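An overview of the molecular structure
Here is what each chain is made of, one letter per residue.
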Amino acid sequence: MRRIILSVMMVGAALTVGAQTIKTNFKKGDIFNYNDAMNMKMELPMGQGTQTVDVTKKVVIEIVDKTKDGYKIALTNSGVTIKGDEMASDQALSGAMKYLNDVKIVFKTDANAVIQGIDNYEEVVTAASNNALKTIDELYTKNPMIEQALPKAKMIMAVSQLLEEKELVKTLQEETHFFLYGKKIKTGDKENRSLAQGIKAVSTYTIGENAGNTTISVASVSNMTEEDVKAMLIEQMKKMGMGDEAASNLEAGWEQMKGMGMTNIDFKGNETYVFQPNGALVSTNSKSDVKVMGMNITMTRNVEVAP
């Protein structure tokens, strides 16, 4: 009996070997600079052509303060350059990120840099709102016919909801490496995740080590039901400012869309993150392919330490 118990304990121990938490040991005043480059290629349905966009920016992460309970960390995106199709760029810049250029976000974290909230929220929402209003004014001035389909006031209200603190925290988690901090994972672990644009997926983790750095690879595959897809599309419409009428039109045309094969989402993605021993990001490389509403979208992203 003792031998059986010992064997069970050894098996249990073996299963937990390799489980890691990305821990941080930053110092007040640490500054990390990155170049962030993304490319998106969007093949439109029914032979309507291909649209591409390249987005580059500088990212600065600064450790503003450190206490026994956690950090205050500032993140700033600047120098955003967009080349390519305007419609594709709207797809590439998800959520509130398109309004946060040159906006310094100071967020509070726990001791492992897990985001808890935004310390300078009032400053952030004021700056982002000004950016959003400028963008919306330019859009409606250039395309006045949009007003009939989507009143400008509704779009402004929808953007204001995107800029609520909980939504901004969610965006930061989805768009940066911070979602990995504090996460206890080992090779083979699976997790249900909500990705950018509301896509639901199952992610499988692989942990490695290279020259003292920790490497985390994440392979994700969508696991959305038809109802999940419908709910996601309706949610995206609401975020754009479209109301109940648009949702009703989607419901009414759902069967027709289904017959055309436009009600499924097929997503596959691979991400690789490299961290220094102190938890600082070294690089991010990712590629994803998604088929949605008859479109094929391929997106690649590379984040590297700025020279």
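Each remark here, short or long, concerns the structure printed above.
This report concerns the structure included in the present document. Sequence positions are assigned chain by chain, starting from 1 and proceeding in written order. Where totals are concerned, whole chains, interfaces and linings use all residues; where local detail is concerned, this predicted model gives features only for residues with pLDDT of at least 70, and gives and counts side-chain atom pairs only at 80 or more. Working from all heavy atoms in the structure, the side-chain values ignore hydrogens and water.

1. Points about the sheet that holds strand β9 (residues 200–210)
Filter applied, for reference: Whether two strands pair depends on DSSP finding at least two bridges between them. Labels follow the DSSP assignment, with helices taken as runs of H or I lasting at least four residues and strands as runs of E lasting at least two, numbered in each case from the N terminus. All axes here are fitted lines through C-alpha atoms, helices being fitted over the stretch that makes contact, and every angle between N-to-C directions spans 0 to 180 degrees. Contacts are residue-level and defined by heavy atoms, with any inter-residue pair within 4.5 Å sufficient.
One open sheet holds the eleven strands; their spatial order is β6-β5-β4-β3-β2-β13-β12-β11-β10-β9-β8, and the pairing between them is antiparallel. Where the open sheet ends on each side, the last strands, each with one partner, are β6 (115–118) and β8 (190–194). The average undirected angle you get between the axes of adjacent strands in this sheet is 25 degrees. Sitting on the sheet, helix α6 (residues 165–175) is in contact with β5 (104–109), β6, β8 and β13 (295–305), with an inclination near 135 degrees to β6.

2. Considering the pattern of salt bridges
Spelled out, the test is: Any Lys or Arg side-chain nitrogen located within 4 Å of an Asp or Glu carboxyl oxygen qualifies as a salt bridge. For each residue, the accessible area found with a 1.4 Å probe, counting protein chains only, is set against the maximum for its type, and the residue is called buried under 20%, exposed over 50%, and partly exposed in between.
Inspection of the entire model under this criterion finds eleven salt bridges. A salt bridge links Asp30 to Lys27, with the nearest nitrogen and oxygen atoms 3.8 Å apart. Overall, Asp30 belongs to the buried group, its relative accessible area being 15%. Among the salt bridges present, the one from Asp189 reaches Lys186, with a minimum N-O distance of 3.2 Å.

3. Let's talk about the packing of aromatic side chains
Quick note on the threshold: The rule is short: rings of Phe, Tyr and Trp, with Trp giving its six-membered ring, pair when the centres are within 6.5 Å, and they are stacked under 30 degrees, edge-to-face over 60, tilted in between.
The full count for this structure, using the stated rule, is seven aromatic pairs. On the numbers, 5.2 Å between centres and 80 degrees between planes, the contact of Phe178 with Tyr181 is edge-to-face. On the basis of relative accessibility, which here comes to 2%, the residue Phe178 falls in the buried class. By relative accessible area, Tyr181 is classed as buried at 4%. Among the aromatic side chains, those forming a connected cluster through ring pairs are Phe26, Phe32, Tyr71, Phe107, Phe178, Tyr181 and Phe275.

4. Considerations on the packing of helix α3 (residues 121–142) against helix α5 (residues 152–162)
Applicable threshold: Here is the rule for angles: anything less than 35 degrees is roughly parallel, anything more than 145 is roughly antiparallel, 65 through 115 is roughly perpendicular, and the remaining ranges are oblique. Helix crossings are classified by the rotation of the near helix relative to the far one: an anticlockwise turn of less than a right angle makes the crossing left-handed, while a clockwise turn makes it right-handed. Classification convention: Asp, Glu, Lys, Arg as charged; Ala, Val, Leu, Ile, Met, Phe, Trp, Tyr, Cys, Pro as nonpolar; all other residues, Gly among them, as polar.
Look at α3 against α5: their axes get within 11 Å of each other, and the N-to-C directions meet at 155 degrees. Classified by the angle their axes make, α3 and α5 are roughly antiparallel. α3 and α5 meet at a crossing whose hand is right-handed. Judged by residue contacts, Ala132, Leu133, Ile136, Asp137, Leu139 and Tyr140 of α3 engage Lys152, Met155, Ile156 and Val159 from α5. For the contact of α3 with α5, the class distribution of residues is eight nonpolar, no polar and two charged.

5. Describing α6
Applied cut-off: Throughout, the arc means that of the directions going from the helix axis to the C-beta atoms.
Listing the buried residues of α6 in full gives Leu168, Val169, Thr171, Leu172 and Glu175. One side of α6 carries all its buried residues, which in axial view fall inside an arc of 160 degrees.

6. Details of the side chain of Thr24
Here is the rule: Think of a polar contact as two N or O atoms within 3.5 Å of one another; within protein, one of them needs to be a possible hydrogen donor and the other a possible acceptor, and neighboring residues in sequence only count if both atoms come from side chains.
Its place among the elements puts Thr24 in the loop between β1 (20–21) and β2 (31–43). Polar contacts involving the side chain of Thr24 include one to the main-chain carbonyl oxygen of Ala111, which spans 3.1 Å. With residues near it in sequence (within four places) discarded, Thr24 still touches Tyr71, Ala111, Asn112, Ala113, Tyr181, Asn278 and Gly279.

7. Here's the deal with empty space enclosed by the protein
Note the cut-off: Put plainly, a pocket is an open set of points on a 1 Å grid over the protein atoms alone with protein on both sides within 12 Å along at least five of seven lines, a cavity is a set where a 1.4 Å probe fits but cannot get out, and a lining residue has an atom within 4 Å of a point. Grid points are joined across faces, edges and corners, and a volume is the space filled by probe spheres set on the points.
Scanning all chains against the criterion turns up one cavity of 30 Å³ or more. Along the walls of the largest cavity sit Phe26, Phe32, Tyr34, Ile61, Ile63, Ile73, His177, Phe178, Tyr181, Gly279, Ala280 and Leu281, which together make up its complete lining. Of all the secondary structure elements, the ones that give two or more residues to the lining of the largest cavity are β2 and β3 (50–66). Partitioned by chemical class, the residues of the lining of the largest cavity number ten nonpolar, two polar and no charged.

8. Re α5
Along an α-helix, a turn takes 3.6 residues, which lines up residues three or four apart on a common side. Turning to α5, its buried residues are Met155, Ala158, Val159 and Leu162. Buried positions in α5, seen along its axis, are confined to an arc of 100 degrees and lie on one side of it. Exposed side chains of α5 directed beyond 90 degrees from the buried face belong to Ala153 and Met157.

Distances and angles like these do not, on their own, reveal function.
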